[in-house]
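Coordinate analysis (summary)
Here is what each chain is made of, one letter per residue.
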Amino acid sequence: MQRVCFLLKVRQDRVDEYRERHAAVWPEMLDALSATGWHNYSLFLRDDGLLVGYLETEDFAEAQAAMAATEVNARWQAEMGEFFEALDGGRPDEAMKPLTEVFHLA
């Protein structure tokens, strides 16, 4: 399993709404994430908008591609895009650049 961590930046004026949206993620989105290999997926959000994502998957590139091919993901990304800073016109899921793990205690 790959352990993947990434950072994004939620606009500070949208932090509260971002939290609300993620308290009620669409069931079909949850199903699609599970079906495409996203496991143990968590998001952590600081008050200033720093978002830390963590997931485990067999192959992150494959999991991203499989998710990108779903209709529900297209709808979710279209709605979530306005919440983020510095996406340069891309979707939030395209901005997930894995960090390099420098330590792990199993």
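You'll find the structure just up there.
Summarised in this report is the structure supplied together with it.

Rules used throughout
Residues numbered from 1 in each chain as written. Predicted model: local features only at pLDDT ≥ 70, side-chain atom pairs only at ≥ 80, totals over all residues. Heavy atoms only, no water. Helix = DSSP H or I, 4+ residues; strand = E, 2+ residues; numbered from the N terminus. Buried < 20%, exposed > 50% of the residue type's maximum accessible area, 1.4 Å probe, protein only. Lys, Arg positive; Asp, Glu negative; His and termini not counted. Charge placed at Lys NZ, Arg CZ, Asp CG, Glu CD. Salt bridge = Lys/Arg side-chain N within 4 Å of Asp/Glu carboxyl O. Axes fitted to C-alpha atoms, helices over the stretch in contact; angles between N-to-C directions. Parallel < 35°, antiparallel > 145°, perpendicular 65-115°, else oblique. Left-handed = near helix turned anticlockwise from the far one by under 90°. Contact = heavy atoms within 4.5 Å.

1. A short note on the overall build of the protein
Secondary structure summary: the protein contains four helices and three strands in total. Taken from the N to the C terminus, the helices and strands of the protein come in the order β-α-α-β-β-α-α. Projected onto its principal axes, the C-alpha positions of the protein cover 35 × 35 × 25 Å. In the protein, which comprises 106 residues, the share counted as buried stands at 34%. Once the 10 positive and 20 negative side-chain charges of the protein are each reduced to a mean point, those two points are 5 Å apart.

2. With respect to the pattern of salt bridges
According to the stated counting rule, one finds 12 salt bridges in the structure shown. Two residues, glutamate 17 and arginine 14, come together in a salt bridge whose shortest N-O distance is 3.0 Å. What makes glutamate 17 partly exposed here is its relative accessible area of 29%. For glutamate 71, the salt bridge is made with arginine 75, and the minimal N-O distance between the two is 2.6 Å. Of the two residues, glutamate 71 and arginine 75 both sit in helix H4 (residues 71-80), four residues apart, roughly one turn of that helix. Classification of glutamate 71 as exposed rests on a relative accessible area of 51%. Residues participating in the shared-partner salt-bridge network are Arg14, Glu17, Arg21, Glu79 and Glu82.

3. Comments concerning the packing of helix H1 (residues 15-22) against H4
At a minimum axis distance of 12 Å, the contact between H1 and H4 shows a crossing angle of 160 degrees. Considering the angle they form, H1 stands roughly antiparallel to H4. As H1 runs across H4, the sense of the crossing is right-handed. Contact with H1, carried on its side by Tyr18, Arg21 and His22, involves Trp76, Glu79 and Met80 of H4 and no other residues of that element.

Keep in mind these numbers describe shape, not what the thing actually does.
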